[in-house]
Amino acid sequence: MVKSNIQSLTKKNSNPFKKIVFLFGPTSVGKTNLLSKLDNNKFSVINADSIQVYKGLDIGSAKVSKDVTEKIHHYLIDILDPREQFTVAKFINEADKAVIKIHQENKIPVISGGTAFYFKHFLYGLSDAPASSIEIREKVESMINERSLSWAYSLLKEVDLVTYNRINENDKYRISRALEVYFDSGKPLSSFDLPSNYRNGIEPLIIGLFREKDEMERRLRLRYSIMVEKGLIQEIRDLVNSGANDEWPGMQGIGYKEFFIAMKSGELTNSQIGDLIIKNSKQYAKRQYTFFKSFSDVNWIHASKEEEIKRMINEYFCK
RNA sequence: GCCGCUUUAGCUCAGUUGGUAGAGCAAAGGACUGAAAAUCCUUGUGUCCCUGGUUCAAUUCCUGGAGGCGGCA
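What comes next concerns the included structure. The structure presented is a predicted model; accordingly, all values stated were derived computationally and were not measured. (Residues numbered from 1 in each chain as written. Chains lettered and ligands numbered in written order. Predicted model: local features only at pLDDT ≥ 70, side-chain atom pairs only at ≥ 80, totals over all residues. Heavy atoms only, no water.)

Section: unusual backbone geometry
For clarity, the threshold we go by: Secondary structure is summarised from DSSP: a helix means a run of H or I of at least four residues, a strand means a run of E of at least two, and numbering begins at the N terminus for each. A simple rule labels every residue: compare its accessible area, found with a 1.4 Å probe on the protein chains alone, to the largest value its type can have, and call it buried under 20%, exposed over 50%, or partly exposed in between.
The backbone of Asn200 shows a phi angle near 55°, a positive value even though the residue is not glycine. Mapping Asn200 onto the fold places it in the loop between helix H9 (172-185) and strand S5 (205-210). In this structure, Asp297 is a non-glycine residue whose phi angle is positive, near 65°. Residue position: Asp297 is located in the loop between helix H13 (270-293) and strand S6 (298-302). Note on Asp297: relative accessible area 48%, which makes it partly exposed.

Written out as structure tokens, the structure reads:
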């Protein structure tokens, strides 16, 4: 009865179960340590990190280690070659499949990561706007390069005033996407409404992990030196030898792109690269928090309160 | 010891022909409609090294001093 009700609410990728744990936290806040302590008979993890999905990006992305994934099953790790583009849409699709599978095993999925964009759209779903199309995007981009960004921005004003007003004139990324949608569908992006309720009747437990800034910096510093010990430089070398360049989607990750910057400019010492990585990570963490703070229903909790977090998750399981 | 250059925001440095100053980066805050570890927006921050002098007015010109860099000895 309950099951059919929920199914009638869903459009696609029906998800007959409501319980999903969302564990959000920036890199180095201490998620992995927590996950390793979850009961494998009750939970499985779905990775919500846009870089850890890539094969071969292990050290720089601070990917969960083999001994943790052996303790508790992780979905959406190592599913894509770093030269391929992962997207939110793929994330939702793959995560939905994993959620169904985990629920069938009578477990609860724990969606864990730092990509707030993925969390948001997993919770609410995407609009009906056309999917991103690399061909059209490239067409739009070459138009912008030929004419100018301000030309594209005023074109947007003509075809989609609502989006024009929402987007800044310098935001090439979003201007491109808005025009891409218009060229693809003939309709303005703003005509596609974003859903405002959770998909599939999800009743989530949303946990936001945080730590103080100076503590985060300390952890990031330590983490970088551990990465170097583990062979980060060799990992980069292997990637470059296999043809990696800064155009590869996986290479935009912090901990990778800095090495390409260093190669281009020359003259950056490893410790300067480390400082850059730490700085970029801090700024990224700030952006992650800002985004996640706009979510409703978040239970914010200091990452050091392990017992409390475990209790929350276990109570949710039993509820 | 002598000569030259230099000292301005947390950092690197502009600048004011005399009317108490501004860029980049950092920092803080924010946004987020299929690339999101991406992309973008907003906001300060000052004994202008110290000391006297000239002047209505000195961060700016002059004297003396201190620190830094370079050259000559």
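Structure's up, so let's keep going.
Some remarks on helix H11 (residues 232-241)
How we decide: This arc corresponds to the set of directions leading from the helix axis out to the C-beta atoms. In what follows, residue pairs with any heavy atoms lying within 4.5 Å of each other are defined as contacts.
The complete set of buried residues in H11 reads Leu232, Glu235, Ile236 and Leu239. Looking straight down H11, one finds that the buried residues subtend no more than 100° of arc, so they occupy a single side. Residues of H11 that are buried in the fold lie against helix H10 (213-230) and helix H12 (257-265). Phi for Gly243, located one or two positions after H11, is positive at around 105°.

Let's talk about the packing of helix H6 (residues 134-146) against H9
Filter applied, for reference: Note on definitions: angles span 0 to 180 degrees between N-to-C directions of axes, and those axes are lines fitted to C-alpha atoms, for helices only across the stretch in contact. Here roughly perpendicular refers to angles of 65 to 115 degrees, roughly parallel to angles under 35, roughly antiparallel to angles over 145, and oblique to all remaining angles. Each helix crossing is assigned a hand: it is left-handed if the near helix lies turned anticlockwise from the far helix by less than a right angle, otherwise right-handed if that turn is clockwise. Asp, Glu, Lys and Arg are counted as charged, while Ala, Val, Leu, Ile, Met, Phe, Trp, Tyr, Cys and Pro are counted as nonpolar; the rest, among them Gly, fall into the polar class.
Across the interface, H6 lies against H9 with an axial gap of 9 Å and an inter-helix angle of 120°. Viewed along their axes, H6 and H9 adopt a mutual orientation that is oblique. As for the relative orientation of H6 and H9, their crossing is right-handed in sense. Contact with H6, carried on its side by Ile136, Arg137, Val140, Glu141, Met143, Ile144 and Asn145, involves Lys172, Ser176, Leu179, Glu180, Phe183 and Asp184 of H9 and no other residues of that element. Here the contact of H6 with H9 is built from residues that sort into 6 nonpolar, 2 polar and 5 charged.

A short note on the pairing of strand S2 (residues 43-48)
Condition: One bridge is not enough; two strands pair if DSSP finds at least two bridges between them. Look down the strands so they point away from you; if the path from the first strand over the helix to the second goes clockwise, the crossover is right-handed.
The element S2 is largely enclosed, with a buried count of 6 among its 6 residues. Residues Phe43, Val45 and Asn47 point to one face of S2 and Ser44, Ile46 and Ala48 to the other, with burial holding for every one of them. Looking at chain direction, S2 and strand S4 (residues 108-113) are connected through 6 bridges and run parallel. Paired with Ser44 across the strands is Pro109, a residue of S4. Bridging between S2 and strand S3 (residues 74-75) involves 2 bridges; their strand directions are parallel. Note that in S3 the partner of Val45 across the bridge is His74. Once the chain exits S2 it traverses helix H3 (residues 66-71) before rejoining the sheet at S3, and the crossover so formed is right-handed.

So, the layout of surface pockets
Note the threshold: The pocket and cavity definitions rest on a 1 Å grid over protein atoms only: a 1.4 Å probe that fits but cannot leave marks a cavity, an open set with protein on both sides within 12 Å along at least five of seven lines marks a pocket, and residues lining either have an atom within 4 Å of a point. Grid points are joined across faces, edges and corners, and a volume is the space filled by probe spheres set on the points.
Of the volumes computed, that of the second largest pocket is approximately 880 Å³. Lining the second largest pocket are 31 residues, and of these Thr32, Ala62, Lys63, Val64 and Lys230 sit closest to its centre. Within the residue set of the lining of the second largest pocket, elements represented by two or more residues are helix H2 (31-35), S2, H3, S4 and H10. Tallying contributions element by element places H10 first for the lining of the second largest pocket, with 6 residues.

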